[in-house]
Every structure is written in C-alpha cells, then in structure tokens.
Amino acid sequence: MSAPNPLRRLIDKANTYPTWLSRRIITWAFCSKVKLAGTAGLEILSTDGRTVTMRQRNLKKAQNHIGSVHAAAMALLAESATGFIFGLNLPGDKLPLIKSMQICYLTRAQGDMQAVARISDEQIQAMQSQERGEALIAVTVTDSTGAQTIECDMLWAWVAKKSR
C-alpha cells in the first residue's frame, strides 16, 4: 500500500470550494513550495487530478528584451505544469525528480502563456506500483493567440524517499 499524498489531499479539498478560491489556494500551496514559480508569478487555473492548466502572465519581471515572456519563464511554466501533475499523482513515500527537459522554441510568444499538462492512467498505475521509474509527461504550451510557441519533452523520475 502506498503512502498518502499530502498534495493530493489539499487539491481534493481545495476543489470543493468556489473556483476563484480554489485557484488561489492551489496556486499559493504550489508557489510556497516552488519559490521560483511564485517569483515569476505562475498561476494554477484548474486541475482535475489528471490535467493541470497553468498560466504565466506577460509580466515585466518575466519578460525578455523584446517584451514577450522570456524563454526561461516558458521553460519554468512547462516544467512546473508537468511537475505539478506528476507530483500530484505520486504516492507520498516517493520523491519526484526531473530527469531531463528538451524544449524547442517554435515562434515568438505574444501575450500571456498557458501550459496544459496531462498524465495517463498507465503512468499513474506505474507510479503507484513501482518502487522507481520514469514517465514522459505531456504538455502543450500556447500563447494568447492560441499558437503553440514551444514544444517540450519533460521526463520525470521517481525514487523512494529516504527515511530520516
């Protein structure tokens, strides 16, 4: 039997509140653990446990020299979305680790960015049943026009937590 996941309990509870409040609770919880996400101003718009939608506004602090979302902020958005959905489905006795990320920048971003990350039932089953392993988490990153601005491969791994 796997250990319970405290993040999953928090998200399930937060999703019982109105959407506006749920978004704030989930974003606050995530950004309190992932400090760079808070610094960049990432927001979690929604999650159902299998999919998460995150947004990076085109804020001054996340812009590049031409006034669009910086390449590093786009990478942070994709990594955060995949890491969130991966960590949400990982048993509490396992540790999530990013193993590799490959990003291809396709076009110049316009306006705010949005990332939608998904995890499959097969990936969740493997995470629940195997002591260690890895999963390629799907993510789509688009700008305010709906254009896919980057293509990403985010490979996450899990290992057992060491007891202290």
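Our subject is the structure that appears above.
Counting from 1, residues in each chain are numbered in the order their sequence is written. For this predicted model, a pLDDT threshold of at least 70 governs which residues receive local features, and a threshold of 80 or more governs which side-chain atom pairs are given and counted, while totals over whole chains, interfaces and linings are taken from all residues. For the side-chain quantities, the full set of heavy atoms in the structure was used; hydrogens and water were omitted.

A closer look at helix α2 (residues 19-33)
The condition that has to hold: Secondary structure elements follow DSSP: runs of H or I no shorter than four residues count as helices, runs of E no shorter than two count as strands, and numbering proceeds from the N terminus. Here the expected length of a helix is defined as 1.5 Å per residue gap, with one fewer gap than residues. Throughout this description, buried means an accessible area under 20% of the type-specific maximum (1.4 Å probe, protein chains only), exposed means over 50%, and partly exposed covers the range between. Only heavy atoms enter the contact rule, under which two residues are in contact if any of them lie within 4.5 Å.
When the terminal C-alpha atoms of α2 are compared, their 22 Å separation across 15 residues agrees well with the 21 Å that a helix rising 1.5 Å per residue should span. Considered for burial, the residues of α2 that qualify are Ser22, Ile26, Thr27, Ala29, Phe30 and Cys31. Buried residues in α2 make contact with α1 (6-14), α3 (35-40), β1 (42-47), β2 (51-56) and α4 (71-88).

Observations regarding the sheet that holds β1
Put simply, the rule reads: One bridge is not enough; two strands pair if DSSP finds at least two bridges between them. Where helices are involved, their axes are fitted lines through C-alpha atoms of the stretch in contact, as for all axes, and angles between N-to-C directions lie from 0 to 180°.
Strand order in this open sheet of 6 strands is β1-β2-β4-β5-β6-β3, and the pairing throughout is antiparallel. Edge positions in the open sheet fall to β1 and β3 (94-105), since each of these has one partner strand only. Neighbour-to-neighbour, the strand axes of this sheet turn through a mean angle of 25 degrees, independent of strand direction. Both strand β5 (residues 133-143) and strand β6 (residues 148-160) contribute to a ladder of 7 bridges, which runs antiparallel. Within β6, the position partnered with glycine 133 by the bridge is tryptophan 158. Those strands touched by α2 are β1 and β2, and its axis lies near 125 degrees from that of β1. Of the strands in this sheet, β3, β4 (113-118), β5 and β6 touch helix α5 (residues 121-129), which is tilted by about 140 degrees from β5.

Observations concerning the pattern of salt bridges
As a reminder, the rule being used: Just to be clear on terms, a salt bridge is a Lys or Arg side-chain nitrogen sitting within 4 Å of an Asp or Glu carboxyl oxygen.
If you walk through the whole model with that rule in mind, you get 5 salt bridges. For the salt bridge of lysine 99 with glutamate 134, the shortest nitrogen-to-oxygen distance reads 2.4 Å. On the criterion of sequence distance, the pair formed by lysine 99 in strand β3 and glutamate 134 in strand β5 is long-range, its members being 35 residues apart. In this structure glutamate 134 comes out as partly exposed when scored by relative accessible area, which is 42%.

Looking at the packing of α1 against α2
For clarity, the cut-off: Oblique is the label for any angle not under 35 degrees, not over 145, and not in the 65 to 115 range, which are roughly parallel, roughly antiparallel and roughly perpendicular in turn. Helix crossings get a hand from a simple test, with the near helix turned counterclockwise from the far one by less than a right angle marking a left-handed crossing and a clockwise turn marking a right-handed one. Side-chain classes are defined by residue name, with Ala, Val, Leu, Ile, Met, Phe, Trp, Tyr, Cys and Pro counting as nonpolar, Asp, Glu, Lys and Arg as charged, and the others, Gly among them, as polar.
The interhelical angle for the contact between α1 and α2, taken along N-to-C directions, is 160 degrees, at an axis separation of 9 Å. With respect to each other, α1 and α2 are oriented roughly antiparallel. The crossing of α1 and α2 is right-handed. The segment α1 lies against α2, with Leu10, Ile11 and Ala14 engaging Ser22, Ile25, Ile26 and Ala29. Residue composition of the contact of α1 with α2, by class: 6 nonpolar, 1 polar and no charged.

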